[in-house]
Amino acid sequence: MTEAPKRPTGSKRSDRVEGLRRRGEFERDVLAREVSGLRGEIDRVASRWKTAGFIAGGLAAAWTVFHKLFGKRSLSAKLGRVASAASLLFGLGRAVGRARKPW
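This one's a predicted model, so the numbers in the text were calculated from it and none came from an experiment.

Turning our eyes to something else, we now look at the pattern of salt bridges. Inspection of the entire model under this criterion finds six salt bridges. As a salt-bridge pair, Arg 23 and Glu 27 come within 3.0 Å of each other at their nearest N and O atoms. Placement of both Arg 23 and Glu 27 in helix H1 (residues 9–70) is noted, with a separation of four residues, approximately one turn of the helix. Judged by relative accessible area, which is 52%, Arg 23 ranks as exposed. The partner of Arg 44 in a salt bridge is Glu 41, and the shortest N-O contact between them spans 2.9 Å. With a gap of three residues between them, Arg 44 and Glu 41 both fall in helix H1, about one helical turn apart.

Here it is, written out as structure tokens:
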């Protein structure tokens, strides 16, 4: 029978360790690229949500101000109703004044 030539076990083990080390470096690089890509995507999504929140807050503030200034119970609405009533009264007074004048 022919026997396979024996290699020293030390070199076989060191080759295996070196291969595992190179494989680990490669996988670490791949993982680092994937994580950095995911981080970039997370940053983009967070940026969109931040912008959307800023816009929504601005719109809510604008609506509140508009409602306070021009809503049903606002000062301008009350003044508008008073002005309408005053205009109606002045119009009636003018009509009465014209009717009282002799022709």
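After that view of the structure, there is still more to cover.
Right, let's talk about the packing of aromatic side chains for a bit. In this structure the tally under the stated criterion is one aromatic pair. Ring plane angle 50 degrees and centroid distance 5.1 Å describe the contact between Phe 66 and Phe 70, whose orientation is recorded as tilted. Here Phe 70 and Phe 66 lie together in helix H1, a separation of four residues that amounts to about one turn. Accessibility classification places Phe 66 together with Phe 70 in one group, the exposed group.

Among the surface-exposed residues, Val 65, Phe 66, Leu 69 and Phe 70 lie close enough to one another that they form a single nonpolar patch of about 430 Å² accessible area. Exposure remark for Phe 70: the relative accessible area of 52% places this residue in the exposed category.

Attention shifts here to the side chain of Ser 74. Turning to its location among the elements, Ser 74 is positioned in the loop between H1 and helix H2 (75–100). You can call Ser 74 buried: its relative accessible area is 4%. Among the polar contacts listed, one links the side chain of Ser 74 to the backbone oxygen of Gly 71, at a separation of 2.9 Å. At a separation of 3.2 Å, a polar atom in the side chain of Ser 74 contacts the side chain of Ser 76. Every residue in contact with Ser 74, bar those within four places of it in the chain, is listed here: His 67, Lys 68 and Leu 69.

So, how was this worked out
Residues numbered from 1 in each chain as written. Predicted model: local features only at pLDDT ≥ 70, side-chain atom pairs only at ≥ 80, totals over all residues. Heavy atoms only, no water. Salt bridge = Lys/Arg side-chain N within 4 Å of Asp/Glu carboxyl O. Helix = DSSP H or I, 4+ residues; strand = E, 2+ residues; numbered from the N terminus. Buried < 20%, exposed > 50% of the residue type's maximum accessible area, 1.4 Å probe, protein only. Phe/Tyr/Trp six-rings, centres within 6.5 Å; stacked < 30°, edge-to-face > 60°. Patch = residues over 30% accessible without salt bridge, like charges linked within 9 Å, V, L, I, M, F, W, Y side chains within 5 Å. Areas by Shrake-Rupley, 256 points an atom, 1.4 Å probe, with all protein chains shown as cover. Polar contact = N/O pair within 3.5 Å; in protein donor to acceptor, adjacent residues only side chain to side chain. Contact = heavy atoms within 4.5 Å.

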